[in-house]
Amino acid sequence: MFAELVSHLKPAASLLHTQLVGMPPRVATYLTFAPQNSLRHYLKAMQTTDQTFHGLYHWNYFDLAMLLPYFAVMIGLSVYGVHRYTMVYNYYKNRKNYSPDPPRHFEELPRVTVQLPMYNEQFVIDRLIEAVCAMEYPSDKLEIQVLDDSTDETQAVAQDLVERYAALGHPIVYIHRTNRYGYKAGALDAGLKVAKGEFVAIFDADFVPPTDWLMKVIHHFAEPEIGMVQTRWTHLNRDYSMLTRIEAILLDAHFVMEQGARSRSGEFFNFNGTAGMWRVQAITDGGGWQHDTLTEDTDLSYRSQMAGWKFKYLPDVECPAELPIEMTAFKTQQARWAKGLIQTSIKILPKVFHSNISRRNKWEAVQHLTANLSYPLMIIMTAFLIPAMVCRFYQGWFQMLLIDFPLFTASTFSIAVFYLASQRILFPKDWKKTFYYLPFLMALGIGLTVTNTKAVMEALFGIKSAFVRTPKFRVAKKGEKSQAAKYRKRLVLAPWIEMFLGFYFFMAILYTFSNHNYFTAPFLILFVIGYWYTGLMSLLQGRFERWRTGKPEAPESSPKPFPVGV
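Computed from a predicted model, the values in this text were never measured in an experiment.

## Overview of the overall build of the chain
Regarding its fold elements, the chain presents 20 helices and seven strands. Considering the chain as a whole, with its 566 residues, one finds that 56% of them fall into the buried category. A fraction of 83% describes how many contacts in the chain between residues 6 or more apart in sequence connect residues 24 or more apart. Put simply, the chain shows about 26200 Å² of open surface, and 63% of that area lies on carbon and sulfur atoms.

Here you go:
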């Protein structure tokens, strides 16, 4: 039967041979009748001893120059992606290693100091002070410090509030510094020098701690080896907009998967700067508050844990806070965290490597503190993505499937697993709604690469900058108008770079469709959405309200501007 089939197909092979001048008959026959989409065809083409495809495609220096950096970056991103899978695995593996109840209780409650660091927080401080003064704890064992470094009307507002609550019998004091030496770390250190408490709880201005927060946390310190207890952030304005919903998912994953997996598996994890309580001795043994990084909380956390103190994380104890409602405020926050963690990695990792902690803890510290290096890697991948895509297109789809897809699965699909798992744990009935937000979540992560890469590079090159405060706008419900427009600042160059990158990838999509390379188009669409979304939202922030109401915008700078932006 095979011989009969070949005899009928020989005329077609001869015709192809006459059309492909100079090509051997064997090649023409193979190209005509070989199954082009089969594994056998691909493997045949890749055999070094078979010269069937000699002259059709071969490697050159341009391909190597494009593909080697591209794959190096993809492998680097894949390492961080695989780590996300590991976090999910460790969480479920050690899920039972947690009890919300303290193993013992204090017979007599210790003295606690509550510190409220603030800087130009005029519109939210009354909410915070009211919530803290309403907390359940014996007043003779409680001290509340309002640590105000403000340079605007916040000074008068805060001082008036403190005097009012002190007159009502609350143990609250107002401490104002005339300079911002050390920024938030400096303010906390200044308050600690005069604090009366054996333990100190810290709340940022946009938090609203529940009345039973102190009583739920304090008894965990009855274990003498516990140096810090961190509680989980929740969100006052989660449903305000698409941006706040995505921010909530991002933070939920950190507080469920990262903090949960690290704490339950015995690895180092960090104080999140607020909604936590410290044993004062653990701060002292760790070297105290230091301001040579922008994430003083993570810096002190590692130093304290290397000094021998144990940390505890309580995901069941919630503390609601306000999410940034504007893109520039969100970028400001993310850039500060990105730069601060890289600064901390440069400072802390050498000490971690020379310490006697386990290799697993050392590896986890590397993954934790250097995770923001993925942003510069994303920029490099952005530069090489289109040329690499062209080279890969001419090599064939099977090579893309064999090599690119595993790297894509490790680096990108892990994001979906990471965030979906956290939402399933927090919202077992409604977690499937997260699928709707996943493309936008990934796109937003891509859109942050410009500002966060700049922040990371500043950290790597030792460029110092001020502690960049995240503006608080005091809005919780959809449609509410912010009173804090004067704290708004705009980015000048970054949004236009993002708009250009979005256009670059839009042209790349047109190129892929013209070559029928539909496999990479969905991936490129994420880049377009991400860069255009962050760019447009940065350029148009605050103007939507003006267009809706027809009223002019409020001034966007305080009398004494503070550093906001990147």
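## Describing a nonpolar patch on the surface
Together, Ile346, Leu460, Phe461 and Ile463 make up an exposed nonpolar region whose accessible area comes to about 410 Å². Judged by relative accessible area, Ile463 falls into the partly exposed class, the value being 44%.

## Section: the sheet that holds strand β6 (residues 276-279)
The strand order across the open sheet formed by seven strands is β3-β2-β1-β4-β6-β5-β7, and the pairing between neighbours is mixed. Since the sheet does not close on itself, it has two edges, and those belong to β3 (172-176) and β7 (310-321), each with one partner. Between one strand and the next, the sheet's axes are offset by a mean angle of 20 degrees, whatever the strand orientation. One ladder, built from nine bridges, connects strand β5 (residues 226-235) with β7; its direction is parallel. For His235, the partnering residue across the bridge sits in β7 and is Ala321.

## Quick notes on the pairing of β3
Inspection of the sheet shows strand β2 (residues 142-148) paired to β3 by five bridges, in the parallel sense. Counted as the bridge partner of Gln145 is Val173 from β3. Once you follow β2 into helix α6 (residues 154-167) and on to β3, the crossover reads as right-handed.

## A closer look at unusual backbone geometry
Even without glycine at this site, Asn120 takes up a positive phi of about 55 degrees. Counting through the fold element by element, Asn120 comes out in the loop between β1 (112-118) and α5 (125-133). By relative accessible area, which is 0% here, Asn120 ends up buried. Backbone geometry places Tyr183, a non-glycine residue, at a positive phi of 55 degrees. As for its position among the elements, Tyr183 is in helix α7 (residues 183-193).

## Some points on the pattern of salt bridges
Taken as a whole and judged by the stated rule, the model has 21 salt bridges. Several salt bridges share partner residues, and in doing so they unite Asp292, Asp299, Arg303 and Lys347 into one network.

Parameters at a glance
Residues numbered from 1 in each chain as written. Predicted model: local features only at pLDDT ≥ 70, side-chain atom pairs only at ≥ 80, totals over all residues. Heavy atoms only, no water. Helix = DSSP H or I, 4+ residues; strand = E, 2+ residues; numbered from the N terminus. Buried < 20%, exposed > 50% of the residue type's maximum accessible area, 1.4 Å probe, protein only. Contact = heavy atoms within 4.5 Å. Areas by Shrake-Rupley, 256 points an atom, 1.4 Å probe, with all protein chains shown as cover. Patch = residues over 30% accessible without salt bridge, like charges linked within 9 Å, V, L, I, M, F, W, Y side chains within 5 Å. Salt bridge = Lys/Arg side-chain N within 4 Å of Asp/Glu carboxyl O. Pairing = 2+ DSSP bridges. Axes fitted to C-alpha atoms, helices over the stretch in contact; angles between N-to-C directions. Right-handed = clockwise from strand over helix to strand, strands pointing away.

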